[in-house]
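Residue-level structural notes
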Amino acid sequence: DCIDPVTDWQPREVLRQQLEQHGWEVQRIKVDDGCYEVRGLDRNRNSFKAKYAPASLRIRKLEIKFDQGGDAADYLDRKPGQKRNDPPVTTKQSGE
């Protein structure tokens with residue numbers, strides 16, 4: 001569950017634009033348990049469901065159904081310019 005105060009939330013449209021810049025098609029954004037829940041298709045046309053913290057727009061949960069083929073490595077956090085075979089860069093917030 002997300003605990004961001006509503007006064008700190010960013011607009012849903014900002015999240016939609018970020019996802020569309022990555023080639024994802026957003027079908028729906030709704031609020032669930034205080035988080036933004038997004039459903040749509042990734043650039044490979046695989047369906048996804050994700051939860052985002054509404055203030056920071058940081059991803060909290062991601063589920064992907066690989067209908068059209070795909071590789072989970074496409075979704076790992078990487079720094080700009082980091083190659084696919086480099087180890088992924090992951091971050092954890094305190095309390096996670």
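One can find the structure itself at the top, above this paragraph.
First, a word on scope: everything that follows refers to the structure included in this document. Note that the structure is a prediction, hence the values are computed from the model and not measured.

Some words on the pairing of strand β4 (residues 59-65)
The pairing of strand β3 (residues 47-52) with β4 spans six bridges and is antiparallel. Of the residues in β4, the one forming a bridge with Lys51 is Lys61. In sequence, β3 turns back onto β4 through a hairpin of six residues, with Leu57 there showing a positive phi of about 60 degrees.

Considering the pattern of salt bridges
Oppositely charged side chains can pair when the atoms bearing their charge come close. Across all of its chains, the model carries eight salt bridges by this definition. In this structure, Arg16 and Glu13 form a salt bridge, with 3.5 Å as the shortest nitrogen-oxygen distance. Taken as a pair, Arg16 and Glu13 lie in helix α1 (residues 12-21) at a separation of three residues, close to a single helical turn. Between Lys61 and Glu63 there is a salt bridge, with the nearest N and O atoms lying 3.4 Å from each other.

Description of the side chain of Glu37
By the element assignment, Glu37 lies in strand β2 (residues 35-41). Overall, Glu37 belongs to the buried group, its relative accessible area being 3%. Every residue in contact with Glu37, bar those within four places of it in the chain, is listed here: Arg28, Ile29, Lys30, Asp32, Lys49, Ala50 and Lys51.

Brief notes about unusual backbone geometry
Glycine aside, residues mostly have negative phi, and peptide bonds are mostly found in the trans state. A positive phi angle is found at Asp33, which is not glycine, with a value near 55 degrees. Residue placement: Asp33 occurs in the loop between β1 (25-32) and β2. For Asp33, a relative accessible area of 45% puts it in the partly exposed group. The backbone phi angle of Leu57 is positive, close to 60 degrees, even though this residue is not glycine. Here Leu57 shows up in the loop between β3 and β4.

Some words on the environment of Ala50
Relative to the assigned elements, Ala50 resides in strand β3. Look at Ala50 and you get buried, because its relative accessible area is 0%. Those residues in contact with Ala50 that lie beyond four places of it in its chain are Tyr36, Glu37, Val38, Ile59, Lys61 and Leu62.

Describing the pairing of β2
In terms of residue burial, β2 counts as a mostly covered element, since six of its seven residues are buried. Sheet analysis places β1 next to β2, joined by seven bridges and oriented antiparallel. Bridged to Asp32 within β2 is Cys35. Hairpin connection of β1 to β2: two residues between the antiparallel strands, including Asp33 at a positive phi of 55 degrees. From the end of β2 to the start of β3, which pair antiparallel, there are five residues, and Arg45 there has a positive phi angle of about 70 degrees.

The rules behind the values
- Residues numbered from 1 in each chain as written.
- Predicted model: local features only at pLDDT ≥ 70, side-chain atom pairs only at ≥ 80, totals over all residues.
- Heavy atoms only, no water.
- Pairing = 2+ DSSP bridges.
- Helix = DSSP H or I, 4+ residues; strand = E, 2+ residues; numbered from the N terminus.
- Salt bridge = Lys/Arg side-chain N within 4 Å of Asp/Glu carboxyl O.
- Buried < 20%, exposed > 50% of the residue type's maximum accessible area, 1.4 Å probe, protein only.
- Contact = heavy atoms within 4.5 Å.

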